Structure formats: C-alpha cells, structure tokens
Amino acid sequence: MSLELKKAIEQISKDRGLDRDMLISTLEEAVRTSVTRKYGDDLDVEVHYSDDTGDIEVFQFKFVVEEVEDPLTQISLEEARQHDPSIQIDDEMGFRLKVEDLGRIAAQSAKQVIIQRMRDAEQELIYEEFKDRVGEIVSGMVQRRDKGGWVINLGRTEALLPREEQIPREHYKRNDRIQALIIDVRREGRGPQVIISRAHRDYMAALFRREVPEVDDGSVQIMGVARDPGSRAKVAVLSRERDIDAVGACVGVRGSRIQNIVQELHGERIDIVVWSPDIATYARNALAPALVSRINVDEASNLLEVTVPDDQLTNAIGRKGQNVKLAAKLLGWKIDIFTESRYHEANAAGRGLEQVASVAEIPVDKLMETGFRSLDALRGASDAELAEKLELTSARIADLRAAVNFLSPVVEGVSEKRDDAESGEE
C-alpha cells in the first residue's frame, strides 16, 4: 500500500504538472482533517508522510495528568510510565495511530479533500498559464453551446467564445475546429474562465503577425485596425525599413499571405492602408479606393472635411456607409464627405454671407451663431428679427437686404447649374 501511494504521488505530479511537495502537503492535511472529523477538534495530532517508505504516520499527543478527565487528550501518569518511566506530570506524550483505524467514512473524506486540493492547484496552474497568453491565437474544438456563447475545448481547459465576439453569420457545430484570440482570463469560483474572440481587431493583427514574417520581426508595423467583422476591414501599416514595401509584404507573392488571412476569416475583405503622420495623407489612403480632391483639417473639432469628385461619392461612402465608417474608426477622426458640386455651392453661399456681413458691418460668425447660415435665411427674416438678433439699425438692415438681393441670383445660379448637371447624368 505504501509503495502504491508513493507511485500515485509521482504519477499525479508528472501527469498533472503539479508540485510534488504540494501534493504531499495536501495528503497530510487531508488525513489530519479526517482524524479530527472522527475524533473531534480537541484531538492533538501530527501527520507526516515518509518519503522513504511511502507511509503516512499519524501521531496523537496526550498530556500526562494525575487523574484523567478526557481520555482523548489526557493520559494518567501511571499508564504513561508504562511506556516511558522518566515521564512527568504535564509532559506531552505521543502515540502512533493506525491510519487504517480511521474507518471507511474518514478515508472517503480524506480522498475528497485530496481531490479538491488537487483540482484547486490545477486550476491555479491553468490560470497562471493562460493569463500570460492574452493576445495569443489558440486552436480548439467546439464542444457545446452555452447561454453566453460557445464552449471551446482547448485541451487543458475550456474557453468561452461569447456571442458578441463571434463573426456574424458564422455557424459552428459540435467538433468543429476553430481558431480565436485570447482576450481575457478571469478568476471564477468554478475555475479560471478563458475568454476568446474572432471578432476582435487584435485577432486580425495577430493573424498578420503569424502570416507575415516582416510584421512578426517588427520590420513592418501595424499602426491600426478597423473591422466590420465578417465583411470588411482596414489595416494601417508602416515600413521601418527603406527597402521593404509594407503593403507588398502583407499581401505576399500573388496575394498568398493576405489570402491565408481572408480564408481564416471566411472571406472578410481586407484593405491594406499605408500609415502617414500627416492626417490628410493618411485619410486619403484610408478612403481608398475612392479618389479624394481635397481635405480640410479641423483639429479643434477633430473633423476632416473631405471633397471627392461627384462620381466618387459612392466609392468614398461605401455600401451602407461602410468605407467611410471604417476609415473614421481607423483614423480616430470624424469625417464629412462632400461632392465637388456641393463644395462649390457651399463656398459660393459662404462667400455671399461674408459679403453681406461686410456690408452690414457685422462679423460673419455672428450671422452663423444667430442661425443665419444662408442668404435664404436672411431674406426670410423680418426687420424686427434682424434688428433683435443682429442689433442692426434700420439703415444697416436696408443695406443688408440690398446686398442679399444682389447676391442671391449668383448663388441660385450655381445651384441651378448643379441641378441641371445632375439631371443630365440621369
């Protein structure tokens, strides 16, 4: 039995990767717990595992007294001297207990404690292992559907693929093998919970590190990722070496590298964007395949006003606004897109307001702040409204109206030309 116990400890330590000393300590504690459950907490015992023989030795200690009141914790002087003639009152004497005498219930209790301690230790090892693997791609087998998503078997433990971390329109069934990114490892009562994702933007970055050696060694750096999982993504890259083409490295010979990533993501379209420290240049690249005429940068509002040729508006916005949304997400800026026609019309109207403001001797900003953003708005306002909001005299109001009437046909002419052009296109 002793040799069997010793072999069991060695085997468990090897198979489960658990510390041998921890197993022995757990075994000793389990036996001590079983003894106290059977005889009570007042019993003074020590448990020791012999590494040489594989035996578990249990010693009970009793105080030497004149008259015994509690046989579990005390022994009479007369009886004690039968074992040790030199013993004195108040000395403590140890007696070896037979583990076999613990009984079936006590042995079962010891077994449960050992199993629980082993499980706790194993879960701690799993937590320590996986918490350092956040950001790493793992492969597993779809095991079952859970109320929060899918449970994936990773071998040593299970992971959860939540619904919100799945790629839309992807369907799984039991025993499917899938890959995903570890995004979190949580301590929970039933053990560590590994959370994985296929929709996270970092998953795409990790796929590029795996498929593109230049990304893995840092020659090409991924500066940002924006995803509409399962549909389209934009990845910004920057070459750290003059002789390395960042886009070419990511695409690979005949598109071999990018196709491996697209295949893993079940057809998700990927645009490779060249990163630039100049936000206007970066925005032009991010809005591809649309051609951009001009970009006005409003740093105070974190806004980009982008003008594109009329025939490029659809490309710039993309299906359901996808292209401009992904570009804005990648840049971290708000983007407003205008066609050339709308841009010229707005400029003409803006110049008209500036001229009216000059005639009325008021700042153009004041016109805008009080709601007069167009010549039509000024034309439709009453004299009382103009006097109250703009603080104008009757003479200034008359000058303002004369300027509005003079400039309105010019602006309207621009609008009419645009309408005619649109009609011709149809």
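For the structure itself, consult the block above.
Residues numbered from 1 in each chain as written. Predicted model: local features only at pLDDT ≥ 70, side-chain atom pairs only at ≥ 80, totals over all residues. Heavy atoms only, no water.

1. A look at the pairing of strand β13 (residues 294-298)
For clarity, the cut-off: Strands qualify as paired when DSSP identifies two bridges or more between them. In this text, helices come from DSSP runs of H or I with a minimum length of four residues, and strands from runs of E with a minimum of two, each type numbered from the N-terminal end.
As paired strands, β13 and strand β14 (residues 303-308) are joined by 5 bridges and run antiparallel to one another. Each residue of the ladder has a partner; that of Asn296, found in β14, is Glu305. Counting the residues in the hairpin turn of β13 and β14 gives 4 residues, including Asn302, whose phi is positive at 55°.

2. A short note on the sheet that holds strand β7 (residues 158-162)
Two pairing modes exist for strands in a sheet, parallel and antiparallel, and in both the strands are linked by backbone hydrogen bonds. Quick note on the threshold: The convention used is that axes are lines fitted to C-alpha atoms, helices contributing only their stretch in contact, and that angles between N-to-C directions extend from 0 to 180 degrees. We call two residues in contact whenever any of their non-hydrogen atoms come within 4.5 Å of each other.
The mixed closed barrel is built from 5 strands, whose spatial order is β5-β6-β7-β9-β8. Sheet twist, expressed as the mean angle between neighbouring strand axes with direction ignored, is 55°. Direction of pairing for β7 relative to strand β9 (residues 193-197): parallel, over a ladder of 2 bridges. Counterpart to Ala159 in the pairing with β9 is Val194. Against the sheet, helix α5 (residues 201-211) makes contact with β5 (137-146), β8 (177-186) and β9, and its axis sits at roughly 120° relative to β8, the strand it touches most.

3. Regarding the packing of α5 against helix α8 (residues 256-264)
Put simply, the rule is: Throughout this description, any angle smaller than 35 degrees is read as roughly parallel, any larger than 145 degrees as roughly antiparallel, any in the 65 to 115 degree range as roughly perpendicular, and the remainder as oblique. Working rule for handedness: look at the near helix, and if it is turned counterclockwise from the far one by less than a right angle, call the crossing left-handed; if clockwise, right-handed. Three residue categories are used. Nonpolar comprises Ala, Val, Leu, Ile, Met, Phe, Trp, Tyr, Cys and Pro, charged comprises Asp, Glu, Lys and Arg, and polar comprises the others, including Gly.
As a packed pair, α5 and α8 sit with axes 10 Å apart at the nearest point and diverge in direction by 140°. Put simply, α5 runs oblique to α8. At the point where α5 passes α8, the crossing takes the right-handed sense. On α8, the residues that touch Tyr203, Leu207, Phe208 and Glu211 of α5 are Arg257, Ile258, Asn260, Ile261 and Glu264. Among the residues forming the contact of α5 with α8, the class breakdown is 5 nonpolar, 1 polar and 3 charged.

4. Considering the packing of aromatic side chains
Aromatic ring pairs: the centre-centre distance and the angle between the two ring planes describe each pair. Formally: Within 6.5 Å between ring centres, the rings of Phe, Tyr and Trp (the latter by its six-membered ring) count as paired, and their orientation is classed by plane angle as stacked under 30 degrees, edge-to-face over 60, tilted in between. Burial classes: relative accessible area under 20% of the type maximum marks a residue as buried, over 50% as exposed, and values in between as partly exposed (1.4 Å probe, protein chains only).
All chains considered together, the criterion is met by 2 aromatic pairs. Ring geometry for Trp150 versus Tyr172: centroids 6.2 Å apart, planes at 80°, classification edge-to-face. Placement of the pair is Trp150 in strand β6 (residues 149-153) and Tyr172 in the loop between β7 and β8, with a sequence separation of 22 residues. Each ring, one from Trp275 and one from Tyr282, has its centre 6.2 Å from the other, and the planes form 65°; the classification is edge-to-face. Taking relative accessible area as the criterion, Trp275 reaches 25% and is therefore assigned partly exposed.

5. With respect to helix α2 (residues 20-39)
In plain terms, the rule: Helix span, expected: 1.5 Å multiplied by one less than the number of residues in the helix.
Taking 1.5 Å as the rise per residue, α2 with 20 residues should run 28 Å; its terminal C-alpha atoms sit 29 Å apart, in good agreement. Where α2 is concerned, the buried positions are Leu23, Ile24, Thr26, Leu27, Glu28, Ala30, Val31, Thr33, Ser34, Val35 and Thr36. One or two positions beyond α2, positive phi appears at Gly40, with a value near 105°.

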